[in-house]
Amino acid sequence: MEPNSRFRANVRTFYAWIGSMALLGIGPIAGEMLVRNGSLVERVAGVAVAMLSWVPWILIVIGMIRRGDEFSLRVHLVALAVAFLGIMAVLATIDWLTRAAFIEQPPLAFIWPVGFVLWFAGILVANRHYQRPA
Amino acid sequence: MNNRLRELRAARNWSQQELGVRVGVSRQAIIAIETGRFDPSLPLAFKLARVFDLSIEQIFDDDGK
């Protein structure tokens, strides 16, 4: 791909990503409103709206990762491994703290921000590792 | 894996960005290869060899490993 067309593709992806983030913000709010209304149809619609709002973001992130070069794919592989193992460790810790009655069971939604933070930390750590002189 | 990428690039006065564009990877990828921490795939090694007009063995050295 030529640098100019690559730049244009990156700009398009950026706007699509912003749009998907907006949808990701609106989806759960709309879903919560529908779920709280109570009827079966509304609750089903609420779950569907909240879950489907993730789909564009997931597809865009997959596309962004796939378009990267082999180094970028390696960095994402390391970052996702760090995020996965980190989430497992956090879940196990919270599970045992809950079982031992040290804390209340937190809402499952906390996994998402923890996952994002670990993923970005993984990207930074992997980038740093590979670009440091051997 | 050791390589002569930095030396070859400097001899041609190419920046890491410029070499990256020539072989279709990011500047970060070139930095990582130059540090020796990231080994390129065979297709990328061939591209690098082609832009320097050398063989892969003349650029990369695995120290007999």
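Model, not experiment: these values are computed from the prediction. (Residues numbered from 1 in each chain as written. Chains lettered and ligands numbered in written order. Predicted model: local features only at pLDDT ≥ 70, side-chain atom pairs only at ≥ 80, totals over all residues. Heavy atoms only, no water.)

Caption draft 1: Spotlight on the interface of chain A and chain B. Contact with chain A, which involves 11 residues of that partner, is made by 14 residues of chain B. Together chain A and chain B conceal approximately 1200 Å² of surface at their shared face, both sides included; 56% is due to carbon and sulfur atoms. The largest per-residue losses of area from chain A upon contact with chain B belong to A:Glu70, A:Phe71 and A:Gln131, which jointly make up 42% of the total buried on that side. One can count five residue pairs in polar contact (both at pLDDT 80 or more) joining chain A with chain B. Residues that form the side of chain A that touches chain B fall into these classes: four nonpolar, three polar and four charged. (Contact = heavy atoms within 4.5 Å. Buried area = accessible area lost by both parts, 1.4 Å probe. Polar contact = N/O pair within 3.5 Å; in protein donor to acceptor, adjacent residues only side chain to side chain. Nonpolar A, V, L, I, M, F, W, Y, C, P; charged D, E, K, R; others polar.)

Caption draft 2: Spatial organisation of the packing of helix α3 (residues 54-67) of chain A against helix α5 (residues 111-131) of chain A. Residues and elements named next belong to chain A. Running from N to C, α3 and α5 point in directions that differ by 10 degrees, and their axes come no closer than 16 Å. Here α5 runs roughly parallel to α3, going by the angle between their axes. The segment α3 lies against α5, with Trp54, Trp57, Val61 and Ile65 engaging Trp112, Phe116 and Trp119. Across the contact of α3 with α5, the residue classes tally to seven nonpolar, no polar and no charged. (Axes fitted to C-alpha atoms, helices over the stretch in contact; angles between N-to-C directions. Helix = DSSP H or I, 4+ residues; strand = E, 2+ residues; numbered from the N terminus. Parallel < 35°, antiparallel > 145°, perpendicular 65-115°, else oblique.)

Caption draft 3: Geometry of helix α2 (residues 16-23) of chain B. Residues and elements named next belong to chain B. Restricting attention to buried positions, one finds in α2 the residues Gln16, Leu19, Gly20 and Val23. On an axial view of α2, the arc spanned by its buried residues comes to 105 degrees, and they lie on one face. Where α2 is buried, its residues touch α1 (5-11), α3 (27-35) and α4 (42-52). (Buried < 20%, exposed > 50% of the residue type's maximum accessible area, 1.4 Å probe, protein only. Arc of directions from axis to C-beta.)

Caption draft 4: Fine view of the pattern of salt bridges. All names here are of chain B. Taken as a whole and judged by the stated rule, the model has six salt bridges over all chains. The shortest N-O distance in the salt bridge between arginine 4 and glutamate 7 comes to 3.3 Å. With its nearest N and O atoms 2.5 Å apart, the salt bridge here joins arginine 9 to glutamate 34. Note that arginine 9 is positioned in helix α1 and glutamate 34 in helix α3, a separation of 25 residues in sequence. For the pair arginine 9 and glutamate 34, one class covers both residues: buried. A single network of salt bridges, built from pairs that share partners, joins Arg6, Arg9 and Glu34. (Salt bridge = Lys/Arg side-chain N within 4 Å of Asp/Glu carboxyl O.)

Caption draft 5: Structural context of a nonpolar patch on the surface. All names here are of chain A. Residues Leu52, Val55, Ile58, Leu59 and Ile62 make up a contiguous nonpolar surface patch of roughly 450 Å² in combined accessible area. At four residues, the largest contribution of residues to the nonpolar patch is made by α3. Relative to the helices and strands, valine 55 resides in helix α3. (Patch = residues over 30% accessible without salt bridge, like charges linked within 9 Å, V, L, I, M, F, W, Y side chains within 5 Å. Areas by Shrake-Rupley, 256 points an atom, 1.4 Å probe, with all protein chains shown as cover.)

Caption draft 6: The packing of α2(B) against α3(B), seen in detail. Residues and elements named next belong to chain B. Put simply, α2 and α3 touch, their axes get as near as 8 Å, and they point 105 degrees apart. By the angle between their directions, the pair α2 and α3 is classed as roughly perpendicular. Here Gln16, Gln17, Leu19, Gly20 and Val23 of α2 come into contact with α3, specifically with Arg27, Ile30, Ile31 and Glu34. Its residues placed into classes, the contact of α2 with α3 shows four nonpolar, three polar and two charged.

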